[in-house]
Amino acid sequence: LIRRDGYSAFGQLNPWGTFPSVAFGWRISEEDFMKPMHAVSNLKLRLSYGVNGNSDIGRYSALSKLSSGTYLQGHEKETVISLYPVTMPNTSLQWEQTSSFNAGIDLGLFNHHLNFTIDAYYMSTTDMLLPRTLPTLTGYTTITSNMGQLDNKGIELTVNTLNIQKANFQWNTHFIFSMNRNEIVHLYGDMIDVLDESGNVIGQKEADDPTNGRYIGHSLDAIYGYKII
């Protein structure tokens with residue numbers, strides 16, 4: 001499946017995004033060699049890949065916005081109404097995209113009285129839609145832009161059991177476990193020098209964004225602060 005979406009709120013240069021997806025499934029329990037295994041009610045392997053788009057921005061985030069004000073001019077102090085830009089436009093603003101790989105197993109035992117669902121996934125989000133702080137000398141404070149790469153990986157486990165099933169009574173139990181880890185892989189692409197203890201340049205690395213609390217190699221929601229000595 002391939003879909004192509006357009007959103008006029010993005011920059012004039014990149015309003016369209018293309019999002020493919022594909023999925024495979026193999027219900028092994030339907031194969032002839034599984035028939036003798038009566039304890040297995042269901043066994044299915046799943047594998048999928050897809051790209052999703054995120055357009056969660058304001059309708060005018062890619063445009064330059066104007067604000068109004070008043071000032072006095074001339075000897076008679078005449079009041080004049082003025083218009084001035086308050087946000088910087090971004091004609092290249094485009095879709096945020098997330099590529100996702102997922103592998104899963106569905107297992108049902110004892111006539112579906114015991115069911116397991118296990119999923120492992122890896123997701124890579126690029127061109128993230130985030131506000132970027134600008135130097136004050138530009139005359140602006142922030143600009144909505146595409147930046148960096150954020151990776152997510154994790155597992156999800158669901159266990160459902162049917163313990164008792166009577167005409168007027170049924171007892172089910174459900175257990176859910178999930179774990180997710182995310183890591184900032186790239187930000188703006190700005191390179192800075194790496195110094196040794198003597199102040200000599202020994203290499204370069206991509207710069208972090210301490211103003212907005214974003215650090216390459218760490219989680220997006222990491223808690224950070226000063227080391228106390």
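Criteria and cut-off values
Residues numbered from 1 in each chain as written. Predicted model: local features only at pLDDT ≥ 70, side-chain atom pairs only at ≥ 80, totals over all residues. Heavy atoms only, no water. Helix = DSSP H or I, 4+ residues; strand = E, 2+ residues; numbered from the N terminus. Polar contact = N/O pair within 3.5 Å; in protein donor to acceptor, adjacent residues only side chain to side chain. Contact = heavy atoms within 4.5 Å. Salt bridge = Lys/Arg side-chain N within 4 Å of Asp/Glu carboxyl O. Buried < 20%, exposed > 50% of the residue type's maximum accessible area, 1.4 Å probe, protein only. Core = buried A, V, L, I, M, F, W, Y, C linked by side-chain atoms within 4.5 Å.

*Asks:* I would appreciate a short explanation of the side chain of Asn-152 in the present structure.
*Replies:* Position of Asn-152 among the secondary structure elements: in strand S8 (residues 142-165). Among the polar contacts listed, one links the side chain of Asn-152 to the side chain of Asn-180, at a separation of 3.0 Å. Those residues in contact with Asn-152 that sit more than four places away from it in its chain are Tyr-121, Tyr-122, Met-123, Asn-180, Arg-181 and Asn-182.

*Asks:* Would you mind going over the pattern of salt bridges with me for this structure?
*Replies:* Proximity of charged atoms lets side chains of opposite charge pair with each other. Throughout the structure, instances matching the rule amount to five salt bridges. A salt bridge links Arg-3 to Asp-5, with the nearest nitrogen and oxygen atoms 3.0 Å apart. Its relative accessible area of 48% is what places Arg-3 among the partly exposed residues. Note that Arg-214 is salt-bridged to Asp-209, the shortest N-O span being 3.4 Å. The exposure class assigned to Asp-209 is buried, which follows from its relative accessible area of 6%. Shared partners join several salt bridges into a network, and the residues in it are Arg-46, Asp-106 and Asp-119.

*Asks:* Teacher, can you tell me more about the nonpolar core here?
*Replies:* The tendency in soluble globular proteins is for nonpolar side chains to be buried side by side. Core analysis: the largest hydrophobic core is formed by nine residues, namely Ala-9, Phe-10, Phe-19, Val-51, Ile-57, Ala-62, Leu-93, Trp-95 and Leu-129. Residues within four places of Leu-93 in sequence aside, it is in contact with Phe-10, Gly-11, Asn-14, Ile-57, Ala-62, Leu-129, Thr-144, Ser-145 and Asn-146. If you look at the next biggest cluster of nonpolar residues, it comprises seven residues, including Leu-130, Leu-150, Leu-187 and Tyr-188.

*Asks:* How should I be thinking about the side chain of Ser-61 in this particular structure?
*Replies:* Here Ser-61 lies in the loop between strand S3 (40-54) and strand S4 (66-73). Here Ser-61 falls in the buried class, since its relative accessible area comes to 17%. A distance of 3.1 Å separates a polar side-chain atom of Ser-61 from the backbone nitrogen of Gly-58.

*Asks:* Help me understand the environment of Thr-173 in this model?
*Replies:* Structurally, Thr-173 is set in strand S9 (residues 170-186). We classify Thr-173 as partly exposed; its relative accessible area is 28%. Sequence separation between Thr-173 and Thr-161 is twelve residues; the distance between their C-alpha atoms is 5.3 Å. Residues contacting Thr-173, with those up to four places away along its chain left out, are Val-159, Asn-160, Thr-161 and Asn-163.

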